[in-house]
Amino acid sequence: MAGIRDEVDELVEAWARERSDLDLEPVAVFSRISRLARHLDLARRDAFTAHGIEPWEFDVLAALRRAGPPYELSPGRLLRETLVTSGTMTNRVDRLTARGYVERSPDPEDRRGVIVRLTAEGKTAVDAAFEALLEAERLLLADLPTRDQTRLASLLRTLLAPYA
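Residues numbered from 1 in each chain as written. Predicted model: local features only at pLDDT ≥ 70, side-chain atom pairs only at ≥ 80, totals over all residues. Heavy atoms only, no water.

**What to know about the overall build of the chain**
Working step 1: Summing up its helical and strand segments, the chain has 7 helices and 3 strands in all.
Working step 2: The dimensions of the chain, computed from C-alpha atoms along their principal axes, are 65 × 30 × 25 Å.
Working step 3: Relative to its full complement of 164 residues, the chain shows a buried share of 26%.
Working step 4: A separation of at least 24 residues holds for 47% of the contacts in the chain among residues at least 6 apart in sequence.
Working step 5: As displayed, the chain has an accessible area near 11400 Å², and 55% of this comes from carbon and sulfur atoms. (Helix = DSSP H or I, 4+ residues; strand = E, 2+ residues; numbered from the N terminus. Buried < 20%, exposed > 50% of the residue type's maximum accessible area, 1.4 Å probe, protein only. Contact = heavy atoms within 4.5 Å. Areas by Shrake-Rupley, 256 points an atom, 1.4 Å probe, with all protein chains shown as cover.)

As structure tokens, this is what we get:
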């Protein structure tokens with residue numbers, strides 16, 4: 001919007017004074033993305049804390065919830081969904097099992113493997129945390145019309161495409 005200024009404008013202007021030889025458009029874009037990411041991280045933490053779960057717990061529980069009934073995945077699939085190491089995932093599943101949010105069962109297709117399944121308690125926890133997260137994200141987007149939100153999502157998709 002015309003007339004709206006932020007700290008990034010001041011940052012870019014300062015760099016322009018000092019380094020007028022450089023194209024500063026990337027700073028104008030990525031400094032704002034970085035600041036927005038910080039606000040999103042804080043909103044996520046608040047939403048999850050209000051429901052008694054940690055961000056890493058949400059990531060695992062959400063991967064299971066998105067899998068659909070019966071809300072189960074192999075540990076390998078959980079690794080791919082959450083981008084953590086095998087040792088980290090084992091620790092996370094152990095901790096979530098202790099909280100009653102997931103349970104392990106033998107993999108019927110591989111006697112050596114296990115399946116991690118979301119419990120009813122885990123489903124309740126992740127659903128409540130997800131609803132709180134969506135509300136927090138809606139607040140972050142509140143000043144941006146729906147049409148612009150759709151456009152922004154499309155632009156960000158294009159920007160992220162080479163990394164997918």
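**Points about the UniProt feature "domain: HTH marR-type" (unreviewed entry) in the chain**
Working step 1: Residues annotated in UniProt with the feature "domain: HTH marR-type" (unreviewed entry) correspond here to residues 26-161.
Working step 2: Across residues 26-161, the secondary structure splits into 70% helix and 12% strand, with the terminal C-alpha atoms separated by 17 Å. (UniProt positions renumbered as here; feature names shortened; annotations may be inferred.)

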